[in-house]
Amino acid sequence: LRAALAERGRATVMLGADTPVAAVFDALSHLSRTAEVVLWAHTHATANPRAAADVVERIGSVMVAGPGWATTVRPPGATYLEGLGDAVRRLLGAA
C-alpha cells in the first residue's frame, strides 16, 4: 500500500507491527495535516477492534485492511478495505 501510494505522489508514514495505539496517536500529533489511518491485520488474532474504536474516537474514522479483519466485528466508523485497489482509491479520494 505504501509503495502504491508513493507511486501516485501520496506521502505516508508507516508504523511497525504491534504498534501501540498511543504511538499511533503520537505519530498523528506530529503531522501537519489531517491523516487517514489504516490498521492491518494478517490474522483474526491480530485484528484489534478496541484499537480501531480508539482511533475512530480520536479522529472520527479508521480504515482496516488485511485478511484478519474480514471475519472480525468492526466498530462503527471503521471501513474495511477490500484489497489494494480499493485502499488506493479510497485513500487518494480522501486527499
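Preceding this section is the structure that the text describes.
It should be emphasised that the depicted structure is a prediction, and the values quoted were computed from it without experimental measurement.

Analysis parameters
Residues numbered from 1 in each chain as written. Predicted model: local features only at pLDDT ≥ 70, side-chain atom pairs only at ≥ 80, totals over all residues. Heavy atoms only, no water. Salt bridge = Lys/Arg side-chain N within 4 Å of Asp/Glu carboxyl O. Helix = DSSP H or I, 4+ residues; strand = E, 2+ residues; numbered from the N terminus. Buried < 20%, exposed > 50% of the residue type's maximum accessible area, 1.4 Å probe, protein only. Patch = residues over 30% accessible without salt bridge, like charges linked within 9 Å, V, L, I, M, F, W, Y side chains within 5 Å. Areas by Shrake-Rupley, 256 points an atom, 1.4 Å probe, with all protein chains shown as cover. Pairing = 2+ DSSP bridges. Right-handed = clockwise from strand over helix to strand, strands pointing away. Contact = heavy atoms within 4.5 Å.

1. As for the pattern of salt bridges
And then number 1: One pass over the structure, following the stated rule, counts three salt bridges.
And then number 2: Note that D54 and R50 form a salt bridge whose closest N and O atoms lie 2.6 Å from each other. Placement of both D54 and R50 in helix α3 (residues 49-59) is noted, with a separation of four residues, approximately one turn of the helix.
And then number 3: Take D54: its relative accessible area is 23%, and that puts it in the partly exposed class.
And then number 4: The salt bridge involving R90 is made with D86; its shortest N-O contact spans 2.9 Å. Remark: D86 and R90 occur in helix α5 (residues 84-93); sequence separation between them is four residues, near one turn of the helix.
And then number 5: The exposure class assigned to R90 is partly exposed, which follows from its relative accessible area of 39%.
And then number 6: Judged by its relative accessible area of 13%, D86 falls in the buried class.

2. What to know about a nonpolar patch on the surface
And then number 1: Residues V13, L15 and L31 make up a contiguous nonpolar surface patch of roughly 240 Å² in combined accessible area.
And then number 2: Positionally, L31 belongs in the loop between α2 (21-29) and β1 (38-40).

3. Looking at the pairing of strand β2 (residues 62-65)
And then number 1: Of the two faces of β2, both are covered, the one formed by V62 and V64 as well as the one formed by M63 and A65.
And then number 2: Pairing geometry for β1 and β2, over three bridges, is parallel. The partner of V38 across the bridge, within β2, is M63.
And then number 3: Taken together, β1, α3 and β2 constitute a β-α-β crossover, and its handedness is right-handed.

4. Thoughts on α3
Every α-helical turn comprises 3.6 residues, leaving residues that sit three or four positions apart pointing alike.
And then number 1: Listed in full, the buried residues belonging to α3 are A51, A52, A53, V55 and V56.
And then number 2: The inward-facing, buried residues of α3 abut α2, β1, β2, α4 (67-70) and β3 (78-80).
And then number 3: Remark: G60 follows α3 within two positions and exhibits a positive phi of approximately 100°.

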